[in-house]
Amino acid sequence: MKILFMGTPDFAVPSLQMLIDSTHEVVGVVTQPDKPQGRKQILTPPPVKSLAQQHGIPVHQPVSLKNEALLDLLHETQPDLILVVAYGKLLPKYILEFPKFGCMNIHGSLLPRWRGAAPIQWSVIAGDEFAGVATMKMAEGLDTGDIYLIERTKIGERETAGRLFDRLSHMGAHVLADTLVQLEQGNLVSTPQDEAQATHASMLDKEMAVIDWTKSAREIDCLIRGLNPWPIALTTLDGERMKVYSAIPEQVQGQPGTVLEADTKKGLLVACGMGALRVTELQMVGGKRMAANDYLRGHQIALGTKLGD
């Protein structure tokens, strides 16, 4: 098949690589414009663009899809199918209706749970037991199309959103390959989503990263793992911002936010609304990311200190 691929971040790279290695013809790649990154704001291409250029695939980076911005490209390439993997924008009707086999999306959740921008992170934040990927027929709504294939995986007890993101990106490529085989064989079946089970995975922001120590250790642990690698959960210590990269729940009680232990052997234990969290990796504002034990070797924290005040 002639396939037009639309994707942007690392999550989409394994799927594009699978297509490149297959017998399908990738007639072009559509991705987001290059963006400035880092402290020096260096203009950086999306990972999908870099991979496409390595293989000589034409890359297109429209600022907007409105006003039929891709129509000339569609007529030029005549794709049988458009594959969308974390592209970052909703597709207008003129794109959805153009290819013979329509537009297909890989979504990083067990649809209809976690429709939206950050499904992988929210599956961790919510404490879900399972996550997964789904291939679906794209419709005009946000992740509302009929499902083709779906695959699930158990979320690891200490797994961060970043690690799950990597696992699901490769799982997505595998499910996509199976979906395309069934499409070519003519036996691909789709199933409507159950609207009653739908939940929304909103975009992450730094405001939601502030730890509420009155919540349970389990809830805060899920937040910490779900916000790693971005934007990273945070609190304050003596008025200074402290990022928390990892922590382990323990069955100890105390006043929420209160430091119960703080030494180089026992580490940093903080009481929550239910249970406590042993912070294992942190970063103070202006400092380096480090193990909590290493931080405590050079900094004293008095027992009873209240985090978040």
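Scroll up to find the structure.
Residues numbered from 1 in each chain as written. Predicted model: local features only at pLDDT ≥ 70, side-chain atom pairs only at ≥ 80, totals over all residues. Heavy atoms only, no water.

### Concerning the overall build of the protein
Phase 1 of the analysis: Within the protein, the secondary structure is distributed over 8 helices and 17 strands.
Phase 2 of the analysis: In terms of overall dimensions, the protein has a C-alpha envelope of 70 × 45 × 35 Å along the principal axes.
Phase 3 of the analysis: Scored against the burial criterion, the 309 residues of the protein give a buried share of 49%.
Phase 4 of the analysis: Of the contacts formed within the protein by residues at least 6 apart in sequence, a portion of 64% connects residues at least 24 apart.
Phase 5 of the analysis: Charged side chains of the protein number 30 positive and 35 negative; the gap between the two group centres comes to 6 Å. (Helix = DSSP H or I, 4+ residues; strand = E, 2+ residues; numbered from the N terminus. Buried < 20%, exposed > 50% of the residue type's maximum accessible area, 1.4 Å probe, protein only. Contact = heavy atoms within 4.5 Å. Lys, Arg positive; Asp, Glu negative; His and termini not counted. Charge placed at Lys NZ, Arg CZ, Asp CG, Glu CD.)

### Describing the sheet that holds strand 6 (residues 81-85)
Either a parallel or an antiparallel arrangement is found when strands of a sheet pair, and the pairing is made through backbone hydrogen bonds.
Phase 1 of the analysis: Here we have 7 strands laid out as an open sheet, ordered 5-2-1-6-7-9-10, and mixed in their pairing. Edge positions in the open sheet fall to strand 5 (59-60) and strand 10 (147-154), since each of these has one partner strand only.
Phase 2 of the analysis: Inspection of the sheet shows strand 9 (residues 130-137) paired to strand 10 by 7 bridges, in the antiparallel sense. Following the sheet pairing, G132 is matched in strand 10 by R152.
Phase 3 of the analysis: Strand contacts of helix 6 (residues 161-185): strand 1 (2-7), strand 6, strand 7 (103-107), strand 9 and strand 10, with the helix running at about 150° to strand 10, the strand carrying the most contacts. (Pairing = 2+ DSSP bridges. Axes fitted to C-alpha atoms, helices over the stretch in contact; angles between N-to-C directions.)

### Regarding the pairing of strand 6
Phase 1 of the analysis: Counting buried positions along strand 6 gives 5 out of 5 residues, so the element sits mostly inside the fold.
Phase 2 of the analysis: Of the two faces of strand 6, the one holding L81, L83 and V85 and the one holding I82 and V84 are both buried throughout.
Phase 3 of the analysis: Relative to strand 6, strand 1 runs parallel, the two being bridged by 5 bridges. Along strand 6, the bridge assignment pairs I3 with L81.
Phase 4 of the analysis: Bridge count between strand 6 and strand 7: 4 bridges; the pairing is parallel. In the sheet register, I82 faces strand 7, and the bridge partner there is C103.

### Remarks on the nonpolar core
Phase 1 of the analysis: Counting residues in each nonpolar core, the largest one holds 35 residues, and the members touching the most others are F5, L83 and L180.
Phase 2 of the analysis: Element by element, the count of residues in this core is highest for helix 6, at 9 residues.
Phase 3 of the analysis: Residues contacting L180, with those up to four places away along its chain left out, are M1, I3, M18, L19, H24, L81 and L83.
Phase 4 of the analysis: A247, V279, A292 and I301 belong to the second-largest nonpolar core, a separate cluster that totals 33 residues. (Core = buried A, V, L, I, M, F, W, Y, C linked by side-chain atoms within 4.5 Å.)

### Regarding helix 2 (residues 47-54)
Phase 1 of the analysis: Listed in full, the buried residues belonging to helix 2 are V48, K49, L51 and A52. One face of helix 2 carries all of its buried residues, which in axial projection span an arc of 165°.
Phase 2 of the analysis: Here the buried face of helix 2 lies against strand 1, helix 1 (13-21), strand 2 (25-30) and strand 5.
Phase 3 of the analysis: Note on helix 2: the residue one or two positions beyond its end, G56, has a positive phi of about 70°. (Arc of directions from axis to C-beta.)

### Comments concerning the environment of T179
Phase 1 of the analysis: Mapped onto the elements, T179 comes out in helix 6.
Phase 2 of the analysis: On a C-alpha basis, the gap between T179 and V189 in space is 9.6 Å, while along the polypeptide they are 10 residues apart.
Phase 3 of the analysis: Filtering out sequence-adjacent residues up to four positions away, T179 remains in contact with M104, T135, Y148, L149 and L188.

### What about the packing of helix 1 against helix 6?
Phase 1 of the analysis: Close contact between helix 1 and helix 6 brings their axes to 7 Å; oriented N to C, the two are set at 40°. Considering the angle they form, helix 1 stands oblique to helix 6. The way helix 1 lies across helix 6 gives a crossing that is right-handed. Across from P14, S15, M18 and L19 in helix 1, the residues of helix 6 making contact are S169, H170, G172, A173, L176, A177 and L180. (Parallel < 35°, antiparallel > 145°, perpendicular 65-115°, else oblique. Left-handed = near helix turned anticlockwise from the far one by under 90°.)

### Notes on the environment of P231
Phase 1 of the analysis: Tracing the backbone through its elements, the reader meets P231 in the loop between helix 7 (217-226) and strand 12 (233-237).
Phase 2 of the analysis: Linking P231 and G132, residues 99 residues apart in sequence, is a C-alpha distance of 22 Å.
Phase 3 of the analysis: Not counting the four nearest positions on each side in its chain, P231 is found in contact with L204, D205, K206 and A209.

### Some thoughts on unusual backbone geometry
Phase 1 of the analysis: Note the cis peptide between L111 and P112, where omega equals 10°.
Phase 2 of the analysis: Looking at where P112 falls in the secondary structure, it is placed in the loop between strand 7 and strand 8 (115-116).
Phase 3 of the analysis: Cis geometry is adopted by the peptide bond preceding P231, which originates at W230 and carries an omega value of 5°.
Phase 4 of the analysis: Even without being a glycine, E68 presents a positive backbone phi close to 55°.
Phase 5 of the analysis: Considering the arrangement of structural elements, one finds E68 in the loop between strand 5 and helix 3 (71-77).
Phase 6 of the analysis: You can call E68 partly exposed: its relative accessible area is 45%.
Phase 7 of the analysis: Within the chain, D238 stands out as a residue other than glycine whose phi angle is a positive 50°.

### Some thoughts on the state of the cysteines
Phase 1 of the analysis: One pass over the full model with this rule turns up 0 disulfides.
Phase 2 of the analysis: Unpaired in terms of disulfides, C222 finds its nearest cysteine sulfur in C272, a separation of 12 Å.
Phase 3 of the analysis: Among the residues examined, C222 registers a relative accessible area of 2% and is labelled buried. (Disulfide = S-S within 2.5 Å.)

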